[in-house]
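Here are the chains, one letter per residue:
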Amino acid sequence: MPSPSQVQDAITAHLAHFLKTVSAESAEYGPDAALFIDAAAHTLQGGKRLRARFCHSGWRAVARFADRGATESAALWDLCSALEIFQSAALVHDDLIDNSDTRRGRPAAHRALESDHRALEWAGDGEAFGRAAAILLGDLLVAWSDDLLEQSLFTHPNAHSVRLEYARMRRGVTTGQFLDIAEESAWRVNPDAEHADRALRVALLKSARYSIEQPLLLGALLAGADEAQQDALRAFGRPVGMAFQLRDDVLGVFGDESATGKPAGDDLREGKRTVLVALAREGLDAPARRLLDELLGDPQLSPDQVAALQATIRHSSALARVEEKITAYAQEADRALSGARLDNASVSELRELARAATVRTA
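The rules we used
Along each chain, numbering runs from 1 in the same order as the chain's sequence is written. Side-chain atom pairs in this predicted model are given and counted only at pLDDT of 80 or more, local residue features only at pLDDT of at least 70, and totals for whole chains, interfaces and linings cover all residues. In computing side-chain values, all of the structure's heavy atoms are included and hydrogens and water are not. Counting from the N terminus, the helices are the DSSP runs of H or I reaching at least four residues and the strands are the DSSP runs of E reaching at least two. Just to be clear, the radius of gyration here is over C-alpha atoms, and the globule rule we use is 2.2 Å times residues to the power 0.38. By definition, residues are in contact when any of their heavy atoms lie within 4.5 Å. For Phe, Tyr and Trp, where Trp contributes only its six-membered ring, two rings pair if their centres lie within 6.5 Å, and the inter-plane angle classes them as stacked under 30 degrees, edge-to-face over 60, or tilted in between. Only protein chains enter the accessibility calculation, which uses a 1.4 Å probe. A residue is then buried if its area is under 20% of the maximum for its type, exposed if over 50%, and partly exposed in between. The rule is short: NZ of Lys or CZ of Arg within 6 Å of the ring centre and within 35 degrees of the ring normal puts a charge over the ring. What makes a nonpolar core is a set of buried Ala, Val, Leu, Ile, Met, Phe, Trp, Tyr and Cys residues whose side-chain atoms join them at distances within 4.5 Å. To count toward a patch, a residue needs a relative accessible area above 30% and no salt bridge. Like charges then connect within 9 Å, nonpolar side chains (Val, Leu, Ile, Met, Phe, Trp, Tyr) within 5 Å. For every accessible area listed, the method is Shrake-Rupley and the probe measures 1.4 Å; residues are considered covered only by the protein chains on display. A pairing counts as a salt bridge when a side-chain nitrogen of Lys or Arg comes within 4 Å of a carboxyl oxygen of Asp or Glu. Note on definitions: angles span 0 to 180 degrees between N-to-C directions of axes, and those axes are lines fitted to C-alpha atoms, for helices only across the stretch in contact. Angle categories are assigned with fixed cut-offs, so that under 35 degrees is roughly parallel, over 145 is roughly antiparallel, 65 to 115 is roughly perpendicular, and the rest are oblique. Two helices crossing with the near one rotated counterclockwise from the far one by less than a right angle form a left-handed crossing, whereas a clockwise rotation gives a right-handed crossing. Put simply, Ala, Val, Leu, Ile, Met, Phe, Trp, Tyr, Cys and Pro go in the nonpolar bin, Asp, Glu, Lys and Arg in the charged bin, and everything else, Gly too, in the polar bin. For the purposes of this analysis, a disulfide is any pair of cysteine sulfur atoms at a distance within 2.5 Å. By definition here, a helix of n residues has an expected span of 1.5 Å times n minus one. Throughout, the bend at a residue refers to the angle made by two axes, fitted to the seven residues ending there and to the seven starting there.

J.: In this structure, what is going on with the overall build of the protein chain? I would like to understand it.
T.: For the protein chain, the helix and strand inventory stands at 16 helices and two strands. Radius of gyration (C-alpha) of the protein chain: 21 Å, near the 21 Å computed for a compact globule of 362 residues. A principal-axis box enclosing the C-alpha atoms of the protein chain has dimensions of 65 × 60 × 35 Å. Across the protein chain, every contact between residues at least 6 apart in sequence was considered, and the portion connecting residues at least 24 apart equals 77%.

J.: When you look at the packing of aromatic side chains in this model, what are you seeing that I'm missing?
T.: Given two aromatic rings, their pairing is described by the distance between the two centres and the angle made by the two planes. Applying the stated criterion across every chain, the model contains four aromatic pairs. Both rings, one in Phe-86 and one in Tyr-210, keep their centres 5.8 Å apart while their planes meet at 80°; by these two values the pair is edge-to-face. Here the residue Phe-86 occupies a position in helix 4 (residues 74-98), and Tyr-210 occupies one in helix 8 (residues 195-222), the gap between them amounting to 124 residues. The residues Phe-86 and Tyr-210 share a single accessibility class, namely buried. Three or more aromatic residues link up through ring pairs in this structure, and these residues are Phe-86, Tyr-166 and Tyr-210. For Arg-51, the ring lying beneath its charged end belongs to Tyr-210, and the centroid distance is 4.8 Å. Residue placement shows Arg-273 over the ring face of Trp-187; its charged tip is 3.7 Å from the ring centre.

J.: Looking at this structure, how should I read the nonpolar core?
T.: The nonpolar side chains of a soluble globular protein tend to be buried, and buried together. Leu-141, Trp-144 and Tyr-166 are the most contacted members of the largest nonpolar core, which totals 48 residues. Ranked by residue count, the leading element in this core is helix 4, at twelve residues. Not counting chain neighbours up to four residues away, the residues in contact with Trp-144 comprise Phe-18, Leu-19, Val-22, Ile-37, Ala-40, Ala-41, Leu-44 and Ile-85.

J.: How should a nonpolar patch on the surface be read in this particular structure?
T.: On the surface, a nonpolar cluster with roughly 260 Å² of combined accessible area is contributed by Ile-97, Phe-178 and Ile-181. Checked against the element boundaries, Ile-181 lands in helix 7 (residues 159-186).

J.: Sorry, what's going on with the packing of helix 9 (residues 227-254) against helix 15 (residues 318-336) here?
T.: Two quantities define a packed helix pair, namely the angle between the axes and the distance from one axis to the other. It is at 8 Å that the axes of helix 9 and helix 15 come closest, and there the two elements cross at 160°. Comparing their axes, helix 15 and helix 9 come out roughly antiparallel. For the pair helix 9 and helix 15, the sense of crossing is left-handed. Contacts between helix 9 and helix 15 involve Ala-232, Ala-235, Phe-236, Pro-239, Val-240, Met-242, Ala-243, Leu-246, Arg-247, Val-250 and Phe-254 from the first element and Leu-319, Val-322, Glu-323, Lys-325, Ile-326, Tyr-329, Glu-332, Ala-333 and Ala-336 from the second.

J.: Before we go on, may I ask you to explain the side chain of Thr-274 in this structure?
T.: Tracing the sequence through the fold places Thr-274 in the loop between helix 11 (266-270) and helix 12 (275-282). With residues up to four places along the chain from it excluded, the contact list for Thr-274 reads Ala-199, Asp-249 and Asp-267.

J.: Any chance you could explain the pattern of salt bridges here in plain terms?
T.: Two side chains bearing opposite charge may form a pair once their charged atoms approach each other closely. Scanning the entire structure with this criterion turns up 32 salt bridges. Two residues, Lys-272 and Glu-184, come together in a salt bridge whose shortest N-O distance is 3.6 Å. Of this pair, Lys-272 sits in the loop between helix 11 and helix 12 while Glu-184 sits in helix 7, and the two are 88 residues apart along the sequence. Take Glu-184: its relative accessible area is 26%, and that puts it in the partly exposed class. The shortest N-O distance in the salt bridge between Arg-355 and Glu-352 comes to 2.6 Å. Linking Arg-355 with Glu-352, this pair stays in helix 16 (residues 344-358), spanning three residues, or about one helical turn.

J.: What exactly am I supposed to notice about the environment of Ala-243 here?
T.: If you trace the backbone, Ala-243 turns up in helix 9. Residues Ala-243 and Val-322 lie 79 residues apart in sequence; the distance between their C-alpha atoms is 9.1 Å. Residues in contact with Ala-243, not counting those within four places in the same chain, are Ile-326, Tyr-329 and Thr-358.

J.: When you look at the packing of helix 9 against helix 16 in this model, what are you seeing that I'm missing?
T.: Viewed as axis vectors pointing N to C, helix 9 and helix 16 meet at an angle of 20°, and their least axial separation amounts to 8 Å. Relative to helix 16, helix 9 is oriented roughly parallel. Between helix 9 and helix 16 lies a crossing of right-handed hand. Where helix 9 abuts helix 16, its residues Leu-233, Phe-236, Val-240, Ala-243, Phe-244 and Arg-247 lie against Leu-350, Ala-354, Ala-357 and Thr-358. A class-by-class count of the residues in the contact of helix 9 with helix 16 yields eight nonpolar, one polar and one charged.

J.: Got a minute to help me understand the state of the cysteines in this structure?
T.: Between two cysteines, a covalent bond joining their sulfur atoms is known as a disulfide. Enumeration according to the criterion identifies zero disulfides in this entry. With no disulfide of its own, Cys-55 lies closest to Cys-80 among cysteine sulfurs, the gap being 3.8 Å. The class of Cys-55 is buried, set by a relative accessible area of 0%. For Cys-80, a relative accessible area of 0% translates into the label buried.

J.: What exactly am I supposed to notice about helix 8 here?
T.: Owing to its 3.6 residues per turn, the α-helix brings residues three or four apart onto one side. Look at helix 8: 38 Å from first C-alpha to last across 28 residues, which is about the 40 Å you get at 1.5 Å a residue. Where helix 8 bends most, at Arg-209, the angle is about 60°. In terms of burial, helix 8 is largely enclosed, as 25 of its 28 residues are buried. Once helix 8 ends, the next one or two residues include Gly-224, with phi positive near 90°.

Laid out in structure tokens, this is it:
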């Protein structure tokens, strides 16, 4: 069983080779375009490579079940790398939508491009340039992701099923992202009793499927998974993805900046209407709920106000309830793999990956 670092190293090397090719082909565009290409490449540095690792494990679970001697092909690494590039595209646009200043402890892409504009002493508004350039940067990364996807599927016998799932992933993430920003406004006109379910739907579409379930399935489909194997992996991947996103919601409010790379309470300043917030509102009396609604989404929240909101959420029992949901999802996922027609060693690997995705501090 390969270690996480082995998969991460393989993806990093594969991406480096891809970027070298892209940079050579882009030389004719001139130095300003080189800045753009470099900015896109910079977004691919770091990260846990979680989607690539689930894709790789999904492939192994099916391929090694059919043939213990099956070895990773260039097509698999292309597919894994395509997912990592798609993730970078989503993060660039996500940070832009949320007005986030940092990502992984570094300036977010739109802020880095804004700094480039000022350093080069170009005319006009640096902030506006950074935002506009970041929109195009995310689009470029989506194009790169598609390039690698098609490279992986060239003449591949399972190309059709992989393309269908990848397309579903793209549509779902985009729709989920819209629902996420819509909920920051729509919550006001919807009954309080519906808020948690609406937040769960956003979590499923925006993150849970494309973070865990679909990378897992894409790797399995590349290996030729049959319907029963697909069903087992979906039944495992979806609850792991939900637990992963709920953990992300907790870290967005209570996370340590030194571990997450984002300021503590960032989701509170951004006004995220997460499951954690929906459950907090359920557990508060009317005056406390009004105060929470008033402060949530204020980008100027002070550290003291963030600490007060954190205490309010804890007092409401929302944090404990979310932790219970994370545990329940993890147990559901574990049960889904029992008796599945998958490689036994890969099943153990998947369970380890699930723990890494749901019990984490960053």
